[in-house]
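As a plain string of letters, each chain reads:
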Amino acid sequence: MKNKNKFMLKILPLALIFVLFLCILNVVKVQCTELNDNIRCGDIDKNGDINISDGVILKKYLAHVAGITVDKFVGDVNADGEIDISDAVILMKFLSGMDINLGIDSEIPTIPTIPEKENKKLVAYFSATGTTKKLAEQTAQILDADLYEITPQNPYSSEDLNYNNSDSRANIEQNDENARPVILGSIQNIKQYDLIILAYPIWWGQAPKIIYTFLESYDFSNKTILPFCTSGSSSIGNSAKNLEKCCNNTTKWLEGKRFSANTSTQELQQWIHSFGINDAKPEVQSTTNSTIKPEDATNKEEQTLKISFGQYQLEAIFEKNSSADAFKELLKKAPITINMSDYGNFEKVGSLETTLPRNDMQITAKPGDIILYQGNSITIYYDTNTWNFTRLAKIKDSENLKEKLGDGAVLVTFSLNK
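In this report, we go over the structure that sits alongside the text.

Criteria and cut-off values
- Residues numbered from 1 in each chain as written.
- Predicted model: local features only at pLDDT ≥ 70, side-chain atom pairs only at ≥ 80, totals over all residues.
- Heavy atoms only, no water.
- Helix = DSSP H or I, 4+ residues; strand = E, 2+ residues; numbered from the N terminus.
- Buried < 20%, exposed > 50% of the residue type's maximum accessible area, 1.4 Å probe, protein only.
- Contact = heavy atoms within 4.5 Å.
- Areas by Shrake-Rupley, 256 points an atom, 1.4 Å probe, with all protein chains shown as cover.
- Disulfide = S-S within 2.5 Å.
- Salt bridge = Lys/Arg side-chain N within 4 Å of Asp/Glu carboxyl O.
- Core = buried A, V, L, I, M, F, W, Y, C linked by side-chain atoms within 4.5 Å.
- Polar contact = N/O pair within 3.5 Å; in protein donor to acceptor, adjacent residues only side chain to side chain.
- Arc of directions from axis to C-beta.
- Axes fitted to C-alpha atoms, helices over the stretch in contact; angles between N-to-C directions.
- Parallel < 35°, antiparallel > 145°, perpendicular 65-115°, else oblique.
- Left-handed = near helix turned anticlockwise from the far one by under 90°.

Another point: the overall build of the protein. Helix and strand counts for the protein stand at 11 helices and 15 strands. Per-residue burial over the protein gives 44% buried out of 418 residues. Partitioning the intrachain contacts of the protein with sequence separation of at least 6 by distance along the chain shows that 69% fall at a separation of at least 24. Accessible surface, the protein as shown: approximately 22,900 Å² in total, 49% of it carbon and sulfur.

Encoded structure:
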C-alpha cells in the first residue's frame, strides 16, 4: 500500500500538468496571432524550423513547469495554423519518447542534433496504354523515388482513344482548352518532394489534359519538374512549355525529352545523370548490357518476326506493347498469310481477319514499319505517312523494300523466328 501511494504521488503531478497543458492550448491560438512576423507558431527556439527541438523545449517546460522561459507559449507544433488535438498528440509522443527524471535536482536534457531531411523525389505519370507506365517504373527504380500514377476517375477505353473518330473522348478533350479530367485520389503530402519527374504520352502533339489537372491540383512552388513524354515518333515539342503555364514562376522546369516504348534503362539513366541528378543508382543496368554472359544472352534474346514473300525473308523486331504481344501469341499457334495490296503509294495493307488490342498514337510511319491499323489490318510501310495507329514491329533491313514487295497484290506470311 505504501508503494502504491508513492506511485500515485508521482503520477498525479504528471496528470495535472497534462491537464494544464490542454487548458493552455485553448488560449494559445490567440497568442500566436500576436507574434512578430518572423516567429512562426511552433518555432519556439526561433531557428526557422519546427521540429523535435521545439518539442524538447515544451517538454522541459511541462516537466519543470517554470524551469523554461520563452517569450510566448506557442503550441502550433505541426504549423498547420491551428492549435488542436494533433499538436497535443505530437507533444505527447515527445513526452512518452524521452526519459526525463522529474526530480527537482534533475538536469535539463540537451537538445539533440537533427539530421537534415533527405531530398525526396517523385515520379508522377499518366499512362493509358502501358507504354509510359513502364518507363516511369524504370525511372523510379533508377532514382529510388516514390511512384504515383495519375489515374482518371473515368478510365479511358479503346474507343475513347480512337483518334480517327472526331467525337471520341480524347479528341474532344484535346480540342477543349478548358478540359480538366477528374483524377482519382491524390498525393497526401506533395511538400516533401523537391524533384518531380512528370511522364505522359503525346496526344495530338500535346500532353493529355489530365496532366493539366494534376499540375493545377498542387502547389509546386520552389520545386523542380523534369518532364518526359512517350511517343512512337512525335517529339516533346512545346507540350512541356504549355504545361509550365500551370505553375508559378518559382517552379524550375528542366528540358524534357521524348522516349520510345523500347527505351533502355541505361538510356534513361544517362539522361537523368545529364542534369546533375547524382542520386541515380549506378548499379541499375539494362538486362541487355555487356555483363550478361554470351550463353545467357542467347537464351534471353527476344523472339523476332519473320516476314516471307516471294524470294525474300525479312526479320523484324517486335515493339514492346500489348498489341505486339497479342500478335506474337497469335503467331505461336500458326503462321499467318495475308493477301496485301498497295494503298496510297506508301504501304501494303491486308486484313488480319481478327482484332488485336490497339495502342494507337499519332506517329510518322517509315519504311520497314509493320503497323496495326484500326486493330484488324496489317500494313508494311515502304514510304512515310503520319497517322494514328499502332506500331507492331520494325524490319531490320528495309533497303529497297518497295522494289522487293513489287507492284500490286502480294502474299505475305508472318511467323516467329525460332
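As a further point, take the state of the cysteines. Summed over the entire model, instances satisfying the criterion amount to zero disulfides. Free cysteine Cys246: the closest other cysteine sulfur is in Cys247, separated by 6.2 Å.

Below, the discussion takes up the pattern of salt bridges. According to the stated counting rule, one finds 12 salt bridges in the structure shown. Lys348 is the partner of Asp342 in a salt bridge, and the nearest nitrogen-oxygen pair spans 2.9 Å. Asp342 gets classed as partly exposed once you look at its relative accessible area, which sits at 32%. Note that Lys394 is salt-bridged to Asp369, the shortest N-O span being 3.2 Å. In this pair, Lys394 sits in strand β14 (residues 385-395) while Asp369 sits in strand β12 (residues 369-373), placing the two residues 25 residues apart along the sequence. Look at the salt bridges and you will find they share partners, linking Asp160, Arg169 and Glu173 into a network.

With the exception of glycine, the majority of residues adopt a negative phi angle, and the majority of peptide bonds are in the trans configuration. Phi at Trp204 takes a positive value of approximately 55 degrees, unusual for a residue other than glycine. As for its position among the elements, Trp204 is in the loop between β3 (193-201) and α6 (209-215). Positive phi outside glycine occurs at Gln374, with the angle close to 55 degrees. Structurally, Gln374 can be placed in the loop between β12 and β13 (377-381). On the accessibility criterion, Gln374 (38% relative accessible area) is partly exposed.

Another aspect to go through is the nonpolar core. Ile150, Leu198, Tyr200, Ile211, Phe214 and Leu215 are the most contacted members of the largest nonpolar core, which totals 34 residues. Contributing elements (two or more residues each) for this core: β1 (120-125), β3, α6, β4 (224-230) and α7 (239-244). In terms of residue count, α6 provides more of this core than any other element does, five residues in total. Here Ile211 is in contact with Phe126, Ile150, Leu198, Ala199, Tyr200 and Leu243, once residues within four sequence places are set aside. If you look at the next biggest cluster of nonpolar residues, it comprises 28 residues, including Phe318, Leu356, Leu392 and Leu405.

Before going further, it helps to examine the side chain of Ser377. Mapped onto the secondary structure, Ser377 falls in strand β13. Side chain to side chain, Ser377 and Asn376 meet in a polar contact 3.4 Å long. Setting aside its immediate chain neighbours within four residues, Ser377 contacts Val349, Gly350, Ser351, Leu352, Ile371 and Leu372.

Turning to the environment of Trp203, a few remarks are in order. Residue placement: Trp203 occurs in the loop between β3 and α6. As for Trp203 and Cys229, which are separated by 26 residues in sequence, their C-alpha atoms are 10.0 Å apart. Excluding residues within four positions of it along the chain, Trp203 makes contact with Phe126, Ala128, Tyr156, Leu161, Tyr163, Ala170, Gln174 and Pro208.

Turning our eyes to something else, we now look at helix α8 (residues 265-273). In an α-helix there are 3.6 residues to a turn, and that puts residues three or four apart on one side. Within α8, the full set of buried residues consists of Thr265, Leu268, Gln269, Trp271 and Ile272. The buried residues of α8 occupy one face: seen down the axis, they fall within an arc of 160 degrees. Where the residues of α8 are buried, they touch α4 (131-143), β4 and β6 (257-259).

The next subject is the packing of α4 against α8. Running from N to C, α4 and α8 cross one another at 60 degrees; their axes reach a closest spacing of 10 Å. Of the possible angle classes, the one that applies to α4 and α8 is oblique. Remark: the crossing between α4 and α8 carries right-handed chirality. Only Thr265, Leu268, Gln269 and Ile272 of α8 make contact with α4, whose side of the interface consists of Leu135, Gln138, Thr139, Ile142 and Leu143.

The next point concerns the environment of Gly310. Along the polypeptide, Gly310 turns up in the loop between β7 (305-309) and β8 (312-318). The spatial distance from the C-alpha of Gly310 to the C-alpha of Leu405 is 8.3 Å, given a sequence separation of 95 residues.

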